[in-house]
Amino acid sequence: MSVAPVSSGVRQPNPLLVFARSSIGKKWIVAVSGTLLVAFILAHLAGNLTIYIGPYGEGINAYAKALHASPLVLWGARGGLLVVFLIHIGTALWLVLENRRARPQRYAVKAHVQSTVFVRTMALSGLVVLSFLIFHVLQFAAGLSCHSHLYDIEGRHDVAAMIILSFHNPWVSGFYLLSLVLLGMHLSHGLGSLFQTFGVNGRKTQAVIARGALVLAWILMAGFATIPVASLTGYLKVLPDARRAAPEPTASKS
Amino acid sequence: MNFHLKVWRQENGQSGGQFRDYEARDIPAEASFLEMLDIVNEGLVLRGEEPVAFDHDCREGICGMCSLTINGIPHGKGRGTTCQLYMRKFSDGDTIYIEPFRVGAFPVVKDLVVNRTAFDRIISAGGFISERCGAAQDANDTPIGKTVADYAMDAAACIGCGACAAACPNGSAMLFVAGKVGHLGLLPQGKPEAGRRVRGMVAKMDDEGFGNCSNFYECEAVCPAGVPAAFIAKMNRDYAMASVSNAVEATA
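This is a predicted model, so every value here is computed, not measured.

A.B. asks: Summarise the overall build of chain B; cite the residues concerned and give the values.
C.D. replies: Check the secondary structure of chain B and you find eight helices and seven strands. With respect to the principal axes defined by its C-alpha atoms, chain B has extents near 70 × 40 × 35 Å. The burial tally for chain B puts 47% of its 252 residues in the buried class. By sequence separation, contacts in chain B at least 24 residues apart represent 70% of the contacts at least 6 residues apart.

A.B. asks: Describe unusual backbone geometry, naming the residues involved and giving the relevant values.
C.D. replies: Residues and elements named next belong to chain B. Unusually for a residue other than glycine, R59 sits at a positive phi of about 60°. Along the polypeptide, R59 turns up in the loop between α1 (33-46) and β3 (69-70). The backbone of H75 shows a phi angle near 65°, a positive value even though the residue is not glycine. Note on placement: H75 falls in the loop between β4 (73-74) and β5 (95-99).

A.B. asks: Before we move on, can you summarise the packing of helix α5 (residues 174-186) of chain B against helix α8 (residues 230-251) of chain B with the specific residues and values?
C.D. replies: For any two helices packed against each other, the geometry comes down to the angle between their axes and how far apart the axes lie. Residue and element names in this part refer to chain B. At a closest axis distance of 8 Å, the pairing of α5 and α8 adopts a crossing angle of 70°. Classified by the interaxial angle, the pair formed by α5 and α8 is roughly perpendicular. Here α5 contributes M174, L175, V177, A178, G179, V181, G182 and G185 to the contact with α8, which in turn contributes F231, I232, K234, M235 and D238. In terms of residue class, the contact of α5 with α8 is built from eight nonpolar, three polar and two charged.

A.B. asks: Kindly report on the sheet that holds β4(B), identifying the contributing residues and their values.
C.D. replies: All names here are of chain B. Taking strand neighbours across the sheet as the criterion, the five strands line up as β2-β1-β5-β3-β4 in an open arrangement whose pairing is mixed. Only two strands of the sheet have a single partner each, and these edge strands are β2 (17-24) and β4. Bridge count for strand β1 (residues 3-10) against β5 is four bridges, and the pairing is parallel. Across the sheet, the residue bridging to L5 is I96, located in β5.

A.B. asks: Give me the pairing of β1(B): which residues, what numbers.
C.D. replies: Residues and elements named next belong to chain B. In this sheet, β2 lies alongside β1 in antiparallel orientation, the contact comprising eight bridges. When the sheet's bridge partners are listed, W8 is paired in β2 with F19. Here β1 hands over to β2 after six residues, the two strands then running antiparallel side by side.

A.B. asks: Just give me the short version of the nonpolar core, but keep the residues and values in it.
C.D. replies: If you look at the biggest cluster of nonpolar residues, it comprises 82 residues, and the most contacted ones within it are B:C164, B:A165, B:L175, B:V177, B:C219, B:I232 and B:M235. Grouped together as the second largest cluster of nonpolar side chains are 14 residues, A:I60, A:A160, A:F167 and A:V238 included.

A.B. asks: Just give me the short version of helix α8 (residues 170-197) of chain A, but keep the residues and values in it.
C.D. replies: Residue and element names in this part refer to chain A. The end-to-end C-alpha distance of α8, which contains 28 residues, comes to 39 Å, matching closely the 40 Å that a straight helix rising 1.5 Å per residue would cover. Residue L187 marks the point of greatest curvature in α8, where the axis turns by about 30°. Once α8 ends, the next one or two residues include G199, with phi positive near 75°.

The rules behind the values
- Residues numbered from 1 in each chain as written.
- Chains lettered and ligands numbered in written order.
- Predicted model: local features only at pLDDT ≥ 70, side-chain atom pairs only at ≥ 80, totals over all residues.
- Helix = DSSP H or I, 4+ residues; strand = E, 2+ residues; numbered from the N terminus.
- Buried ≥ 20, exposed ≤ 12 C-beta atoms within 10 Å, placed from the backbone.
- Contact = placed C-beta atoms within 7 Å.
- Axes fitted to C-alpha atoms, helices over the stretch in contact; angles between N-to-C directions.
- Parallel < 35°, antiparallel > 145°, perpendicular 65-115°, else oblique.
- Nonpolar A, V, L, I, M, F, W, Y, C, P; charged D, E, K, R; others polar.
- Pairing = 2+ DSSP bridges.
- Core = buried A, V, L, I, M, F, W, Y, C linked by C-beta atoms within 7 Å.
- Expected span 1.5 Å × (residues − 1).
- Bend = angle between axes of the 7 residues up to and from the residue.

Structure below.
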């Protein structure tokens, strides 16, 4: 008896499609897209922290101007990011639906032995973060914030003022911080899970990776959280209106 | 000791089921959980009622036949099979919920008995080695390093009870499959078929309707044989590599 016929003469389905549709293949897809999203989060955090450069956050205005220097690259990156997001969310939801089907009858008594609260709330934290992202993109990237049309000393779009003034609204800061907590929970499981899915996890490394992921996730979230906190406490200051210049011709469409 | 039992009763796979209350009286503390059920069943038979059906065989913790989800945990609290769970682990007067293993791919046969032949079909899809029969070869013909042998044994310890899938919130059988894929793939006798084995077994596992692993690691916590979840990582890697080499071969 052999495991499977080497060549049965029948046309075999595409091996890569078989992989992508399999339980493990879908996990790989979620993990690879998740890794790319983590890379984006790192880049996004590094960009955000430039708001601490200069007395009125001019660092982030320069950074934003550099980002917008090449529309092709910017929209290429945005498009790529959107595709990665859709793949990550779509595949994850597909997995969730399959998992529901695999356990049609629930236990009357719910008990868990060693799973963390983070893994048990992955779908919830992911969907709340998604709703935040929609708001976040509309507010800051699409320029729907009521503070989107200010220009700094050099006539650049004053991104720093838009962020700081928005965060002066406690609802905006509060939703932002709440979303960070949920993203932190999502990453607390996700960052460590990557290693398991990629198969670079062993008995000895499991606890170390899980703990390292937890620490890294909350360091990242703390990095993001400093900005609303620094805005509310007045550490980050907004350029006085009297010193604003007229907009540069290119700065108007951001 | 006395216990209030809430036992899942179900006539067969087609009918619905519900919990029924039973009182377990004068149970010795040193009785195993299955012996406690035996005592309850004796009482039911004497009263002319249908005894509770449950799976059991060796009753010494090695066969993997006993199942039961006790207060939400397959095989009950603590590592080990249900037959190795003793009533002294409970407190006098406890209310104990007894449910069957709840996995879509394990349909209920009757009461607490579920059909776990899905595991047998996964094994048929590759959980073996193809070897000519004949006289046994010399003992030291195929040297295997101690660390490899030990690691393979950690996975081979699986008794196929299904508690991993029953504990998994996703009803995933990955710890079981990873154990089989892992121990055979680590040893020289299993290596030649390793790629086809992992592809075949994973395909069958998906086909049977088991869920996907989300790295809850509940399986590892309830496994009576202590198979580590690290084997699932190894299977994830093995499966991806086998799929890539299969795709490359398909183009040749």
